[in-house]
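Now for the letters of each chain:
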Amino acid sequence: MLTLGIETSCDETGVSVTSGRLIYSNIVSSSVHLHKKYGGVVPEIASRFHVEYILGALTKALKSARKEIKDIRLIAATNGPGLVGALLTGISLAKSLSYSLSVPLIGVNHVLAHLYSAFLSEEKAPKYPFVGLVVSGGHTALFYCSDGYKQKLLGQTQDDAAGEAYDKVAKILKLGYPGGPVIEKSAQLSKNRNKIKFPKAYLGKDSLDFSFSGIKTAVLYYVRGMPALAPGAPLSPFGIRGTGRARRQEINDICYSFQETVLDSLVDKAFLAAELYKVRRIVVGGGVAANSRLREKFENAAKFSGGIKAYFPKKEYCMDNAAMIGVLGEELYKRGYRSDLYLSAEPNLEVANA
Ligand code: KG4
Ligand code: ZN
């Protein structure tokens, strides 16, 4: 079933052409360069970018798939969660096409699409049950996933998402936006890996919730040379020392310790969930899943777990893209889910427990 996927929840304008899990095209136009100087996404700028670029992305997606708009049999569009002005562009295009082509429409939850993105372009359907970890700029949540695209929320962040913590720490360290890739690179260059220990928030034994605002504050206090408030936080009476190369090295060490702390809590909680729910598969998705150190940590933990296996999307499918919306939209459509022309943008759309 040839499906047109549309994604405009944040700062990526995505249009794809897919059929089942086969991806004919997956066009992403990003406005990330326009947000860099603000240290985060500016909703107004993101919305205007979608309006300008979405028809270009549609044209490119059809052309590179070698398909015509009349071949499309289903329109799938992200209807939340996300920035309302951004979502509206994609939904408006989806509704117009659905109306004018007389083809069905389905609204897709962006977080769910990240959750299943490890199975994009794979021939085999996901094997159930599994624990799903969505770790992006807007969300950090664990799900129990059972047969037929059904899932139950097991835990989520109580404050910042993990990607958001990367972005905020990059802003504190003046490393630019988005924070993930630049902090990952900086951490790899650290030469003094045991110097700083930031506090880990586990929120109690067997808790599957996350918290990342404490570490962000600990980094801020460390940089300012103040004792952090969190118990066990490092005390740096001088803040970032030195100039030039020395200063750079200090930043690399901070990035390393910050990253280890965040990633360890993701890995620990995902494996705890697998253990508590007696599941042998963990599937990770979302922008932070592109992180090589996270993949390495999952692999290492899997080796010592006595049979748990971790699955990651290809890196190109970690970040926001329309292929994940199209593929999941078609699966849900085939399972009887439908949307109508009253489909609305839902900035706080939640994943329904099913
Ligand atoms: O999934 P995504 O494209 O958008 C949301 O749905 O939020 O994720 C974007 C987030 C940003 O916070 C970005 O800093 C983070 O993913 N990210 C990374 C990496 N690449 C992107 N975080 C850690 N390491 C990376 N390599
Ligand atoms: Zn996303």
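Presented here is a report on the structure given in the accompanying data block.

Below, the discussion takes up the environment of Glu12. Mapped onto the secondary structure, Glu12 falls in strand 2 (residues 12-19). For Glu12, a relative accessible area of 11% gives the class buried. Residues within four places of Glu12 in sequence aside, it is in contact with Glu7, Val28, Ser29, Ser30, His50 and Asp320. Engagement of the side chain of Glu12 in a polar contact is seen with the side chain of Ser30, the distance being 2.9 Å.

A word on the sheet that holds strand 4 (residues 74-80). Remark on secondary structure: sheet strands pair via backbone hydrogen bonds, oriented parallel or antiparallel. Spatial ordering of the open sheet is given by 3-2-1-4-5, a layout of five strands whose pairing is mixed. Each edge of the open sheet is held by one strand with a lone partner, namely strand 3 (22-30) and strand 5 (105-109). For this sheet, the mean angle separating the axes of adjacent strands, direction not counted, is 20°. Sitting on the sheet, helix 2 (residues 43-65) is in contact with strand 1 (2-7), strand 2 and strand 3, with an inclination near 25° to strand 2. Relative to strand 4, helix 10 (residues 323-334) is tilted by about 110°, and along the sheet it contacts strand 1, strand 2, strand 3, strand 4 and strand 5.

Around the zinc ion (ligand 2), the protein supplies His110 (NE2), His114 (NE2) and Asp320 (OD) as donor atoms, at distances of 2.0 to 2.1 Å. Coordination at the zinc ion (ligand 2) is tetrahedral, judged from the four donor atoms that bind it and the angles of 95 to 132° they form at the metal. The sequence pattern describing where the donors of the zinc ion (ligand 2) fall on their chain is H-x3-H-x205-D. Placement of the pair is His110 in helix 4 (residues 110-115) and Asp320 in the loop between strand 10 (309-311) and helix 10, with a sequence separation of 210 residues.

Time to look at the side chain of Ser9. The topology assignment puts Ser9 in the loop between strand 1 and strand 2. Within the structure, the side chain of Ser9 is placed 2.7 Å from the side chain of Glu7, a separation counted as a polar contact. Within the structure, Ser9 has its side chain in polar contact with the side chain of His110 (distance 3.3 Å). Setting aside residues up to four positions removed in sequence, Ser9 forms contacts with Thr78, Pro81, Gly82, Leu83, Ala86, Leu87, His110 and Asp320.

Of all hydrophobic cores here, the largest spans 49 residues; its most connected members are Phe258, Leu266, Leu294 and Phe298. Residue assignment for this core shows that the elements contributing at least two residues are strand 6 (130-135), helix 5 (162-172), helix 6 (179-188), helix 7 (213-224), helix 8 (244-276), strand 9 (281-285) and helix 9 (292-303). Of all the elements, helix 8 adds the most residues to this core, at 14 residues. Once residues within four sequence positions are removed from consideration, Phe258 is found in contact with Ala165, Tyr166, Val169, Ile183, Phe198, Ile215 and Val219. Membership of the second largest hydrophobic core comes to 30 residues, among which are Ala113, Phe119, Leu120 and Ile325.

All chains considered together, the criterion is met by 17 salt bridges. Linking Lys216 and Asp160 is a salt bridge whose minimum nitrogen-to-oxygen distance equals 3.0 Å. Here Lys216, found in helix 7, pairs with Asp160, found in the loop between strand 8 (150-156) and helix 5; they are 56 residues apart in sequence, far enough to count as distant. Across the pair, Asp160 and Lys216 agree in class, each one buried.

Another point: the sheet that holds strand 6. Overall, mixed pairing links the five strands, which are arranged 8-7-6-9-10 in an open sheet. Looking at strand neighbours, the two that pair on one side only are strand 8 and strand 10, the edges of this open sheet. In this sheet, adjacent strand axes meet at a mean angle of 25° when their direction is disregarded. Where strand 6 meets strand 9, four bridges bridge the pair, whose relative direction is parallel. Pairing of Val131 across the sheet is with Ile282, part of strand 9. Packed on one face of the sheet, helix 9 meets strand 6, strand 9 and strand 10 and runs near 175° to strand 9.

So, how was this worked out
Residues numbered from 1 in each chain as written. Chains lettered and ligands numbered in written order. Predicted model: local features only at pLDDT ≥ 70, side-chain atom pairs only at ≥ 80, totals over all residues. Heavy atoms only, no water. Helix = DSSP H or I, 4+ residues; strand = E, 2+ residues; numbered from the N terminus. Buried < 20%, exposed > 50% of the residue type's maximum accessible area, 1.4 Å probe, protein only. Contact = heavy atoms within 4.5 Å. Polar contact = N/O pair within 3.5 Å; in protein donor to acceptor, adjacent residues only side chain to side chain. Pairing = 2+ DSSP bridges. Axes fitted to C-alpha atoms, helices over the stretch in contact; angles between N-to-C directions. Donors = N, O, S within 2.8 Å, 3.2 Å for Na, K, Ca; no water. Tetrahedral: all angles 85-135°; square planar, octahedral: opposite > 155°, others 65-115°. Core = buried A, V, L, I, M, F, W, Y, C linked by side-chain atoms within 4.5 Å. Salt bridge = Lys/Arg side-chain N within 4 Å of Asp/Glu carboxyl O.

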